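Overview (structure and organization)
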Amino acid sequence: MSVAENLNALRSAIPANVRLVAVSKTKPVKSIQEAYNLAQRIFGENRVQELTQKQPLLPNDIEWHLIGHLQKNKVKYIAPFISLIHSVDSFELLETINKEAAKCGRTISCLLQFHIAKEETKFGLSFEEAVALIHSEKFREMKNVKICGVMGMATLTDDESIVRKEFRELQGIFTTLKEQDFRNSKDFKELSMGMSGDYKIAIEEGSTLVRIGSAIFGERA
Ligand SMILES: *Cc1c(COP(=O)(O)O)cnc(C)c1O
């Protein structure tokens, strides 16, 4: 299947209220340009070095999303242009993003990443950590970041009931935070969940942003 066929198939499977992040990690600029030419505008990368190499070679109206674990010392390289950081998994990282955004005269949109999977290796906050962050004085003083919602990755398993349960848990976290802390926020509206293997379940459970790589560009090496 070509990128065009894959994108068309996904577009008919994804409802209009859900946005597609085309995850282009490890894929060449040529493949990104191909999807761009088919009107895809949101692309996701998980590594800063790869992203900063590709970004200058591609059109300016691409909305770049950082979806992978982000080290504090790398924030400065993406702060000038990044549209959305999905992977805020610590208070210190959010502080750094705020500081680097201020230096660029920008406000950077962020999602809080939650640990919902069974795997030890997946990054993310617990609900308690997120609440402590949101209620802190320091957070209230951050003027250059905007919390737009939450992100999570389900366990890599063929057992759909586990995946669905984890997405439901993330949806619950989203709704609780919305009601408790972001009732008056127009920005807090994104629920980033779902990848190539589980996006259909994610959409059924309320996803607004699906992050899809291999189902567009083919398997990664
Ligand atoms: C790689 C990656 C994806 C996309 O994975 P596919 O299975 O190729 O769709 C989504 N989210 C994150 C955080 C990723 O690292």
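Residues numbered from 1 in each chain as written. Predicted model: local features only at pLDDT ≥ 70, side-chain atom pairs only at ≥ 80, totals over all residues. Heavy atoms only, no water.

As a further point, take the overall build of the chain. Scanning the chain for helices and strands turns up ten helices and eight strands. Whereas a compact globule of 221 residues would reach a radius of gyration of roughly 17 Å, the chain reaches 17 Å, a difference of no more than 12%. Judged by the C-alpha coordinates and their principal axes, the chain covers about 50 × 40 × 30 Å. Sequence separation of 24 or more characterises 59% of the internal contacts of the chain that already satisfy a separation of 6 or more. Total accessible area computed for the chain in this model is approximately 10,900 Å², and 50% of it derives from carbon and sulfur atoms. Positive and negative side-chain charges in the chain, numbering 30 and 29 respectively, have mean positions lying 5 Å apart. (Helix = DSSP H or I, 4+ residues; strand = E, 2+ residues; numbered from the N terminus. Rg over C-alpha atoms; globule rule 2.2 N^0.38 Å. Contact = heavy atoms within 4.5 Å. Areas by Shrake-Rupley, 256 points an atom, 1.4 Å probe, with all protein chains shown as cover. Lys, Arg positive; Asp, Glu negative; His and termini not counted. Charge placed at Lys NZ, Arg CZ, Asp CG, Glu CD.)

Right, let's get into the layout of surface pockets. Of the pockets and cavities examined, the largest pocket occupies roughly 840 Å³. Surrounding the largest pocket, 33 residues form its lining, K122, M153, L156, M195 and D198 being those nearest its centre. Mapped onto the lining of the largest pocket, the elements with two or more residues apiece are α8 (160-180), α9 (199-204) and β8 (209-212). When the residues that make up the lining of the largest pocket are grouped by side-chain class, the tally is twelve nonpolar, eleven polar and ten charged. In this structure, the second largest pocket encloses a volume near 250 Å³. In terms of lining, the second largest pocket is formed by 13 residues, of which the most central are F139, V145, K146, I147 and F182. (1 Å grid on protein atoms, 1.4 Å probe; cavity = no way out; pocket = protein on both sides within 12 Å on 5 of 7 lines; lining within 4 Å. Points joined across faces, edges and corners; volume = space filled by probe spheres on them. Nonpolar A, V, L, I, M, F, W, Y, C, P; charged D, E, K, R; others polar.)

Helical geometry note: an α-helix holds 3.6 residues per turn, so side chains three or four residues apart project in the same direction. Buried within helix α1 (residues 3-13) we find V3, N6, L7 and L10. End-on view of α1: buried residues confined to an arc of 95°, all on one side of the axis. (Buried < 20%, exposed > 50% of the residue type's maximum accessible area, 1.4 Å probe, protein only. Arc of directions from axis to C-beta.)

Moving on to the site of the ligand. Neighbouring residues of the ligand: V23, K25, I67, M151, M153, M195, S196, R211, I212, G213, S214 and R220. A distance of 2.8 Å separates an oxygen atom of the ligand from a polar atom in the backbone of S214. When the ligand is considered free in solution it has 390 Å² of accessible area, and contact with the protein chains removes 91% of it. A majority-of-atoms criterion places the ligand in the largest pocket. When its residues are assigned to classes, the shell around the ligand shows six nonpolar, three polar and three charged. (Near = heavy atom within 4 Å. Polar contact = N/O pair within 3.5 Å; in protein donor to acceptor, adjacent residues only side chain to side chain. Sits in = over half its atoms within 2 Å of the grid points.)

Here we come to the packing of aromatic side chains. Applying the stated rule across the entire model yields three aromatic pairs. A ring pair is formed by F43 and W64, whose centres lie 6.0 Å apart and whose planes are at 45°; its orientation type is tilted. Highlighted residues: F43 in strand β2 (residues 42-45) and W64 in strand β3 (residues 63-66), separated in sequence by 21 residues. Summarising the burial analysis for this pair, F43 and W64 share the class buried. Ring geometry for F182 versus F188: centroids 4.2 Å apart, planes at 5°, classification stacked. You'll find F182 and F188 in the same group, each marked buried. By the ring-pair criterion, three or more aromatic residues cluster together here, those being F174, F182 and F188. (Phe/Tyr/Trp six-rings, centres within 6.5 Å; stacked < 30°, edge-to-face > 60°.)

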